[in-house]
Amino acid sequence: MNVLLVGGGGREHALAWRLAQSPGLMRLFAAPGNPGIATHAECVALDIADHGAVLDFCRSRDVALVVIGPEAPLVAGLADDLREGGVAVFGPSAAAARLEGSKGFTKDLCARVHIPTAAYRRLASLADALAALDGFGLPVVVKADGLAAGKGVTVAATRGEAVDALSALFQVPGAEAVLERFLSGREASLFVLCDGADIAAFGSAEDHKRVGEGDTGPNTGGMGAFSPSVALTPDLEEQAMARIVRPTVAALAQDGTPFVGVLYAGLMLTDEGPQLIEYNVRFGDPECQALMMRFEGDLLTLLLAVAQGRLADAPHPRFARGAALGVVVAARGYPDAPVAGGAIGGIAAAEATGARVFHAGTRADDGDGDGGRLVASGGRVLTVTAAADTLADARALAYRAVDRIDYPDGFHRRDIGARG
Ligand code: AMP
Ligand code: GLY
């Protein structure tokens, strides 16, 4: 079977690597892909926003399954248009992707079916938001309603910070805000495959969102992750499935907008049990890289079963015991102003340790004609990932590999997995 993978980050490199191992795969295309993905797939320049062009490509290349990595095309309805054209898709419809695309939508759904989550208000103007602030204690959490690539959330310790965040948020025409009560506890991420009706747990992880060591500095897309989560015990995972994930999936199905793909529940493990912080409608990046290091089995068969509503007949997802851990190597200046163009070496030496180096923001630079130079072209550049019998060993292996990367313009955190 021919497959099209949409995306070009570390998450998609990890998916491409596993898809390429599936016996049922004939040709794998990736749009846009990256130099790492290109070792497993044919990278194609397709305008992902042009759904008709993507459908034409699928028809002309006999693509039977499209796997959509990032959230933006899902929120924009790419899965709907491909399905309407007769192509199976791993990824939710625009209506179901509102779980990530609109924080207000998700909070209203949680309220309707009694899912444990922080108390909230949806606000459509700065004046209303400022008036509502007094009903919340401190710290208070200020969120922009729509997609914000990890930058839409402010945990405000003072009223002044909350006012600043709200003022900035409402500068954007048409903006909506969600105010939330602050939850305290440890965070964990739970991944669940869903074919619209049936679900299957697909592992857990913990990530490190802040740019600096000791979880300091601005939020990023994620500087590293490990799987499984240490904090999400089997008992807490079962609570999260029963009280959060199952009611969500059931509500979407009942509303006529079933969820098809992977649901990523960001959880706060509080004294009162797991509470939902947010949903994402795709794999996490870099969580996916750690998950794929542990995944055992045929990924293509599983994702196709999800896309075709046959999850109940598919073999139950299996993961290796032990742990996997990924360290993101980012370009200096990330997340605000990453420097582009820095030369990257040492990948083969890093992989010689047994680790895997997933590409994200990399580009083959053949400006001088030799075609062999790899340079940085984005904020997060590589995810150096290792698996072992214990988290401590996976961590040691990953850092041994990171130390072989030769990328003077890059940086990484040294404490990924330290809280494990
Ligand atoms: P989100 O984009 O919604 O995942 O938020 C980003 C980060 O903000 C989360 O990973 C949490 O660390 C933090 N956060 C979001 N909502 C809350 C909340 N209600 N209480 C405490 N922390 C939160
Ligand atoms: N690493 C967080 C995310 O993918 O949203």
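As the structure is a prediction and not an experimental result, all values here were calculated from the model. Per chain, the residues get numbers from 1 upward, laid out in the order the sequence is written. To read the labels, note that chains go from A and ligands from 1, taken in the order they are written. Residue-level local features of this predicted model are given only where pLDDT is at least 70; pairs of side-chain atoms are given and counted only at 80 or more, and the full residue set underlies all totals for whole chains, interfaces and linings. Note that water and hydrogens are dropped before the side-chain values are worked out from all heavy atoms of the structure.

**Q** For unusual backbone geometry, give the residues involved together with the corresponding values.
**A** That bond from serine 227 to proline 228 is cis: its omega, 0°, falls within 30 degrees of zero. Structurally, the position occupied by proline 228 is in the loop between strand 14 (224-227) and helix 9 (234-254). Of note, the amide linkage connecting tyrosine 334 to proline 335 takes the cis form, showing an omega dihedral of 10°. Per the convention used, a helix needs a DSSP run of H or I reaching at least four residues, while a strand needs a run of E reaching at least two, with both numbered from the N terminus. Mapped onto the fold, proline 335 is located in the loop between strand 19 (323-331) and strand 20 (343-344).

**Q** So what's going on with the sheet that holds strand 4 (residues 63-68)? Residues and values would help.
**A** Here a strand pair is declared whenever DSSP counts at least two bridges between the two strands. The strand order 3-2-1-4-5 describes an open sheet built from five strands, whose pairing is parallel. Only two strands of the sheet have a single neighbouring strand rather than two, namely strand 3 (42-43) and strand 5 (88-90). What makes two residues a contact is simply this: any of their non-hydrogen atoms within 4.5 Å. Each axis is a line fitted through C-alpha atoms, and for a helix only the stretch in contact is used; angles between axes span 0 to 180 degrees, taken between their N-to-C directions. Against the sheet, helix 11 (residues 299-307) makes contact with strand 1 (2-7), strand 4 and strand 5, and its axis sits at roughly 110° relative to strand 5, the strand it touches most.

**Q** Outline the environment of asparagine 219, listing residues and values.
**A** Checked against the element boundaries, asparagine 219 lands in strand 13 (residues 216-219). Separated by 50 residues in sequence, asparagine 219 and leucine 169 have C-alpha atoms that sit 16 Å apart.

**Q** So what's going on with the environment of phenylalanine 226? Which residues, and what values?
**A** Among the structural elements, phenylalanine 226 can be located in strand 14. Classification of residues uses two cut-offs on accessible area relative to the type maximum, computed with a 1.4 Å probe and protein chains only: under 20% is buried, over 50% is exposed, and between them is partly exposed. Residue phenylalanine 226 is classed as buried on the basis of its relative accessible area of 0%. The sequence separation of phenylalanine 226 and isoleucine 416 amounts to 190 residues, and the corresponding C-alpha distance is 7.9 Å.

**Q** Any details on empty space enclosed by the protein? Residues and values, ideally.
**A** Here a cavity denotes a set of grid points, spaced 1 Å apart and computed over the protein atoms alone, in which a 1.4 Å probe fits but from which it cannot get out, and a pocket denotes an open set meeting protein on both sides within 12 Å along at least five of seven lines; residues with an atom within 4 Å of a point are reported as lining. Grid points are joined across faces, edges and corners, and a volume is the space filled by probe spheres set on the points. The full count for this structure, using the stated rule, is one cavity of 30 Å³ or more. A volume near 90 Å³ is recorded for the largest cavity. In this structure, the largest cavity is lined by 13 residues; those nearest its centre are Lys103, Thr106, Ile277, Glu278 and Tyr279. A per-element tally of the lining of the largest cavity places strand 16 (residues 273-280) first, with four residues. Across the lining of the largest cavity, the residue classes tally to four nonpolar, three polar and six charged. When residue character is reported, Ala, Val, Leu, Ile, Met, Phe, Trp, Tyr, Cys and Pro are called nonpolar, Asp, Glu, Lys and Arg charged, and the others, Gly included, polar.

**Q** Tell me about the sheet that holds strand 22 (residues 362-365), and please be specific about residues and values.
**A** Taken in spatial order, the three strands of this open sheet run 20-23-22, and their pairing is antiparallel. Pairing within the sheet leaves two strands with one partner each, and these edge strands are strand 20 and strand 22. When strand 20 meets strand 23 (residues 373-376), the two strands line up antiparallel, connected through two bridges. Looking at the pairing, alanine 343 lines up with valine 375 of strand 23.

**Q** So what's going on with the pattern of salt bridges? Residues and values would help.
**A** Criterion for a salt bridge: a side-chain nitrogen of Lys or Arg within 4 Å of a carboxyl oxygen of Asp or Glu. Under the definition given, this model contains 21 salt bridges. Its salt-bridge partner being lysine 107, residue glutamate 180 comes within 3.7 Å of it at the nearest N-O pair. In this pair, glutamate 180 is assigned in strand 9 (residues 177-181) and lysine 107 in helix 6 (residues 103-113), connecting sequence segments 73 residues apart. Just as glutamate 180 is buried, lysine 107 falls in that class too. Here arginine 112 makes a salt bridge to aspartate 255, at a shortest N to O gap of 2.7 Å. Taken as a pair, arginine 112 in helix 6 and aspartate 255 in the loop between helix 9 and strand 15 (260-270) lie far apart in primary sequence, 143 residues in all. For aspartate 255, a relative accessible area of 41% corresponds to the partly exposed category. Each of Arg186, Glu206, Asp215, Arg413, Asp415 and Arg419 takes part in one network of salt bridges that share partners.

**Q** Break down the site of ligand 1 for me, citing the residues and quoting the values.
**A** Working definition: residue near molecule or strand if any one of its non-hydrogen atoms lies within 4 Å of it. Inspection of the region around ligand 1 gives 14 residues, with Lys143, Glu180, Leu183, Glu187 and Glu278 positioned closest. Residues adjacent in sequence count toward polar contacts only when both atoms are side-chain atoms; beyond that, a polar contact is any pair of N or O atoms within 3.5 Å, and within protein one must be able to donate a hydrogen and the other to accept it. Separating a nitrogen atom of ligand 1 from a backbone N or O atom of leucine 183 is a distance of 2.8 Å. Here an oxygen atom of ligand 1 and a side-chain polar atom of glutamate 278 are 2.7 Å apart. The Shrake-Rupley method, run with a 1.4 Å probe, gives the accessible areas here. Residue values count only the displayed protein chains as cover. Compared with its free state, where it exposes 470 Å², ligand 1 has 90% of that area covered by protein. Those elements that place two or more of their residues in the shell around ligand 1 are strand 7 (140-144), strand 9 and strand 16. Residue classes in the shell around ligand 1 are distributed as seven nonpolar, no polar and seven charged.

**Q** Got a sec to walk through the pairing of strand 16? Specific residues and values, please.
**A** Among the eight residues of strand 16, seven are classified as buried, and the element is accordingly described as predominantly covered. Taken together, the seven bridges between strand 15 and strand 16 define a ladder with antiparallel strand orientation. Of the residues in strand 16, the one forming a bridge with tyrosine 264 is asparagine 280.

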